[in-house]
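Below are the chains, spelled out letter by letter.
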Amino acid sequence: QLTSIMGLVNALTALPEIDRVELTVEGELLLRIGSVSLSGPLVRDERFLGPVRSGLGERDSTIYLAHGQDSLLLPLPLRLRQSAAYSPAEQMVRFLLSDSSLNALRPCIPAGTRLNSIRLEKRICRLDLSSEFLEGNENLLLPIRVITASLCTLEGISAVRITVDGAVPAGYSPR
């Protein structure tokens, strides 16, 4: 659903006179389509749509972002440009740590969280984040779910273990 909505938004905002889109049904503002909340005007976002341009070193990926009050995770196609400096896992984590909130989708990772280290051992991605990950976040489950679901879409990763400044966060028990 969201991919279709964003396709429509991107098509309309390609016109020079349109920069935001609101959807209405019989004159009434549409606030929800299925599980997708439309909490405000939608804006163009090319990161999630369009063909992968392999000539430019792009790779097709899938990330999960939280959406709505129910904190549903929605899978989104994402084009990531391959990098000699970063592994696909590190590139994905860096994307999630950037302020990638848009159109009511969010990674739910506290602002300022930094990646201390990342390594892959026996299909387990071991991720160490900075202490900002714990700030203002009483429930770590949602950002952990976002990171884990996204990383497990990558080839060679079947589990994720997260630490904060080298220690397992209180209340988090990786399986």
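Calculation notes
Residues numbered from 1 in each chain as written. Predicted model: local features only at pLDDT ≥ 70, side-chain atom pairs only at ≥ 80, totals over all residues. Heavy atoms only, no water. 1 Å grid on protein atoms, 1.4 Å probe; cavity = no way out; pocket = protein on both sides within 12 Å on 5 of 7 lines; lining within 4 Å. Points joined across faces, edges and corners; volume = space filled by probe spheres on them. Helix = DSSP H or I, 4+ residues; strand = E, 2+ residues; numbered from the N terminus. Nonpolar A, V, L, I, M, F, W, Y, C, P; charged D, E, K, R; others polar. Pairing = 2+ DSSP bridges. Axes fitted to C-alpha atoms, helices over the stretch in contact; angles between N-to-C directions. Contact = heavy atoms within 4.5 Å.

A. Spotlight on the layout of surface pockets. Each pocket or cavity is described by its volume, and for the second largest pocket that value is around 240 Å³. In terms of lining residues, the second largest pocket is bounded by 16 residues, among which Ser87, Pro88, Ala89, Leu154 and Ile157 are the most central. Elements supplying a minimum of two residues to the lining of the second largest pocket: β7 (58-67), α2 (88-97) and β10 (115-121). The element best represented in the lining of the second largest pocket is β7, accounting for 4 residues. Classifying every residue of the lining of the second largest pocket by side-chain character gives 7 nonpolar, 4 polar and 5 charged.

B. Main features of the sheet that holds strand β11 (residues 124-129). Ordered in space as β10-β11-β12, the 3 strands form an open sheet in which the pairing is mixed. Looking at strand neighbours, the two that pair on one side only are β10 and β12 (159-164), the edges of this open sheet. Recorded for the sheet is a direction-independent mean angle of 15° between the axes of neighbouring strands. As paired elements, β11 and β12 share 6 bridges and run parallel to each other. Within β12, the residue paired with Arg126 across the bridge is Arg161. Against the sheet, helix α3 (residues 141-151) contacts β11 and β12, and its axis sits at roughly 140° relative to β12.

C. Representation of empty space enclosed by the protein within the structure. If you walk through the whole model with that rule in mind, you get 2 cavities of 30 Å³ or more. What the largest cavity holds in volume is close to 40 Å³. Lining the largest cavity we find Val21, Glu22, Leu23, Leu29, Leu30, Leu38, Gly40, Pro41 and Leu42. Looking at the lining of the largest cavity, its residues break down into 7 nonpolar, 1 polar and 1 charged.

Without other data, these values stay purely geometric and don't point to any function.
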